[in-house]
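An overview of the molecular structure
Residue strings, one per chain:
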Amino acid sequence: MLAENFNCITQQLAKACINAGRDPQSVSLLPVSKTFPSSIIEQAIALGYQRFGENKAQELKQKAIELQQYPLSWVIIGHLQTNKAKEVARYASEIQSLDRLDLAIALDKRLQQEGRVLDALIQVKTSTEESKSGMNPEEVPIFLEQLKSFDTLHIKGFMTIAENSNNPDIVRACFRQTSELAEKMRQKTGLPLPVLSMGMSGDYALAIKEGATEVRIGSAIFGARDYTTK
Ligand SMILES: *Cc1c(COP(=O)(O)O)cnc(C)c1O
């Protein structure tokens, strides 16, 4: 069933790329395995996947330890408290939810101790929902300046979570705002900033239309999440 789901979403992503006039190779898939046990992730590993998104540092740590015999790359995509920087510095290879200076400082300190580096995306807040995290787009130019002093954080681009809305225009505007910001920041800084992580199971087609280079897909691959036992 997992193989079928991966095949299905891969085809859907290719279709969305073609509809948007884009090369299917230009969009990568980040499977989001949060809430699913290591035994399920092992099935995905058997299908050839090695990179997984998790939204909680503690869960990422547990799975990284349980699956340490595999050459995996763990990506943290959820809001991170500074007191969880240690787990992320030790076990993740990328953070997509970098959204404030004090988190960068905490990660840098721990990464230096671990002798590791992290790829990082700045998460920008494009929706009006209070519950969504991310940096205000207006603060990004200064943040990029500040980040220059952290050798341990390799800034690759931007991540956003669109408004949870049935109106495709509203959703699409969130993605467009992020890709426009990325373009502005490339011109301003001269950094390549090639990655735009935008789009989830419900809105990836719109994100691809607006230039996503990576989509984060959970439920369309692993099924509905069960939070009742957590
Ligand atoms: C859970 C999660 C996803 C995946 O969501 P689905 O709708 O299940 O595809 C993507 N991005 C972030 C930040 C998430 O927390």
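The structure presented is a predicted model; accordingly, all values stated were derived computationally and were not measured.

Cut-offs applied
- Residues numbered from 1 in each chain as written.
- Predicted model: local features only at pLDDT ≥ 70, side-chain atom pairs only at ≥ 80, totals over all residues.
- Heavy atoms only, no water.
- Helix = DSSP H or I, 4+ residues; strand = E, 2+ residues; numbered from the N terminus.
- Buried < 20%, exposed > 50% of the residue type's maximum accessible area, 1.4 Å probe, protein only.
- Polar contact = N/O pair within 3.5 Å; in protein donor to acceptor, adjacent residues only side chain to side chain.
- Contact = heavy atoms within 4.5 Å.
- UniProt positions renumbered as here; feature names shortened; annotations may be inferred.
- Near = heavy atom within 4 Å.
- Areas by Shrake-Rupley, 256 points an atom, 1.4 Å probe, with all protein chains shown as cover.

Focus on the environment of Leu72
- Relative to the helices and strands, Leu72 resides in the loop between α3 (57–66) and β3 (73–76).
- Owing to a relative accessible area of 17%, Leu72 belongs among the buried residues under this scheme.
- As a C-alpha pair, Leu72 and Ala92 span 20 residues in sequence and 9.3 Å in three-dimensional space.

A few points about the side chain of Arg216
- As for its placement among the helices and strands, Arg216 is situated in strand β8 (residues 214–217).
- A distance of 2.9 Å separates a polar side-chain atom of Arg216 from the backbone oxygen of Ser197.
- Those residues in contact with Arg216 that lie beyond four places of it in its chain are Leu30, Val32, Ile77, Gln96, Met159, Thr160, Ile161, Ser197, Met198, Gly199, Met200 and Ser201.

Some words on the UniProt feature "domain: Alanine racemase N-terminal" (unreviewed entry) in the protein chain
- Mapped onto the present numbering, the UniProt feature "domain: Alanine racemase N-terminal" (unreviewed entry) falls on residues 29–225.
- Across residues 29–225 one finds 41% helix and 20% strand; the C-alpha atoms that close the span lie 19 Å apart.

Re the site of the ligand
- Lining the immediate environment of the ligand, one finds Val32, Lys34, Ile77, Ile161, Met200, Ser201, Arg216, Ile217, Gly218, Ser219 and Arg225.
- Between the ligand and Gly218, the relevant distance is 2.8 Å, taken from an oxygen atom to a main-chain nitrogen or oxygen of the residue.
- Here an oxygen atom of the ligand and a backbone polar atom of Ser219 are 2.7 Å apart.
- Starting from 390 Å² of accessible surface for the ligand in isolation, the protein chains cover 90%.

Here's the deal with the environment of Asp169
- Structurally, Asp169 can be placed in helix α7 (residues 168–189).
- For the pair formed by Asp169 and Thr35, sequence separation is 134 residues and the distance between their alpha carbons is 30 Å.

Quick look at the UniProt feature "modified residue: N6-(pyridoxal phosphate)lysine" (unreviewed entry) in the protein chain
- In the numbering adopted here, UniProt assigns the feature "modified residue: N6-(pyridoxal phosphate)lysine" (unreviewed entry) to Lys34.
- Tracing the backbone shows Lys34 in the loop between β1 (28–31) and α2 (38–46).
- We classify Lys34 as buried; its relative accessible area is 15%.
- Other than its neighbours up to four places away in sequence, Lys34 contacts Gly53, Glu54, Asn55, Glu59, Lys63, Arg225 and Tyr227.

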